[in-house]
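# Structure at a glance
Now for the letters of each chain:
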Amino acid sequence: MGSATPPLHIVIFPFMAQGHTLPMLDLSHRLAQWGITVTIITTPANFPGIHSKGPLKGIENTADFPSEDLRAPFIQLTKKLKEPFEEILRDMFESGCPPMAVISDVFLGWTLDCCDSFGVPRIVTYGMSGLSQALLVKTGIHIEHVLGLLPEDVIHFPDFPTPFPVKRADFVHMKHDPRGSEMFSLIEEITEADLKSWGVIVNSFEDMEREHIPALESLYKEAKAWFVGPLLLSDQIDNEEEEDDDDDGNEYYSLGLEAAEQPFVWVVKSKTWAAPPGWEERVEGTGLVVRGWAEQRRILANSKIGGFLSHCGWNSVLEGLSMGVPLLAWPTGAEQPLNAKIVANWLGAGIRVLEMSDGVDIVGREVICEKVKELMVGEEGRKARERAMEVKRMAWEAMKTGGSSHRKLNEMIECLALRRKEAYI
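Residues numbered from 1 in each chain as written. Predicted model: local features only at pLDDT ≥ 70, side-chain atom pairs only at ≥ 80, totals over all residues. Heavy atoms only, no water.

### Topic: the sheet that holds strand S6 (residues 224-227)
Spatially, the six strands line up as an open sheet ordered S2-S1-S3-S4-S5-S6, and their pairing is parallel. Each edge of the sheet is formed by a strand with only one pairing partner; in this case those strands are strand S2 (37-40) and S6. The average angle at which neighbouring strand axes cross in this sheet is 25°, direction not considered. One ladder, built from four bridges, connects strand S3 (residues 101-105) with strand S4 (residues 122-125); its direction is parallel. Pairing of Asp105 across the sheet is with Thr125, part of S4. (Pairing = 2+ DSSP bridges. Helix = DSSP H or I, 4+ residues; strand = E, 2+ residues; numbered from the N terminus. Axes fitted to C-alpha atoms, helices over the stretch in contact; angles between N-to-C directions.)

Encoded structure:
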């Protein structure tokens, strides 16, 4: 006779970066709504109210980086959490409440070994679209070919047709040959762990990405990709993803927004930027400047918002389009260039500020002015707004009971529950 089946329980382990953590918190709320016990693992500085063991010393979140050069050492440092994490898993098993899965960020590839040692499935999440995820993995596999191309050259994957031309310049980390760097070694390591995971959770939805799901799943041995988003619609948590401070860029933003003569809300993250003399007085009544943190989701949900100038982190893309707001896409790093093309070139729900292959480091105020006007009052902007409303409709339908994302999450839970039940027979 088998032992009693323990309660439904899932462990969630986000990477210590706000843009990675927020979707995982949304997922936690979604799972809790389904009656699943959820345990979130983190460090004290990231979420003081959450139980954790073995805190990292000093910097505990990417928002605290004085330089991006610390990203690779920081990812290495997270490996110090492996032993405390295994202690937590051991305590869960001994207390009769073992997890039926661990959902962990792709940067925490070492959690796969922990999961394997306890016989627990690891589900990986990248925090980006399925299309971007597949393209990043594929370029890593074919890196020698990609590095042999010029920035403006189009990359062709015979077994993976893309809805828009993909260029080497769209992969910011391949601007220079990354091989031999600490970050490249880490990417190889976490990709290996990623491709051995039991499953993949994607914060997107099938109605938008159906044609790319087979290409993504083909990269894995047996893992299935579960498209369960946009997770922000699970619960109205008013937060946002971090963006980088850029005082030089802010100068051009401010003058471009002023020249466009359109009402705006501008969130300035920089703690050191000062507006040009007389600027705040000139835009008074037209522009609202918010310094520090702002409730981005709540702002975008306001029906008076007609456009969103964004660097196109995937969280921001989903937050804008889920509210029917077209984007003015200005990517700067990570997979943002791919997201910008998804929004503007494929979905038609936004306008590009510039192409990464243009080789432009600084965008003048006249370009910002022109693009803002086009988005707000131009014909291209009108079409983008119509498409954004259509994407909003699809996103909300996906999250409703019976929608594709609702079904996929239910399917994943049922697979995990069945696997656990068989283990206790």
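So that's the structure; there's more coming.
### Considerations on unusual backbone geometry
Cis geometry marks the peptide bond from Gly229 to Pro230; its omega dihedral reads 0°. Following the sequence through the fold, Pro230 ends up in the loop between S6 and helix H10 (247-260). For Cys312, which is not a glycine, the phi torsion comes out positive at approximately 70°. In this structure, Cys312 sits in the loop between strand S9 (308-310) and helix H13 (314-321). Classification of Cys312 by relative accessible area gives buried; the value is 0%. A positive phi angle, near 50°, is found at Ala334, a position not held by glycine. For Ala334, the location among the structural elements is in the loop between strand S10 (327-329) and helix H14 (336-346). We classify Ala334 as exposed; its relative accessible area is 55%. (Buried < 20%, exposed > 50% of the residue type's maximum accessible area, 1.4 Å probe, protein only.)

### Some words on the sheet that holds S9
Across the sheet, three strands lie side by side as S9-S10-S11; this open sheet has parallel pairing. At either end of the open sheet lies a strand with only one pairing partner, and these are S9 and strand S11 (350-352). This sheet shows a mean twist of 20° between the axes of neighbouring strands, independent of strand direction. Bridge count between S9 and S10: three bridges; the pairing is parallel. Residue pairing for S10: Phe308 is matched across the bridge by Leu327.

Honestly, that's just the spatial picture; any functional story needs more than this.
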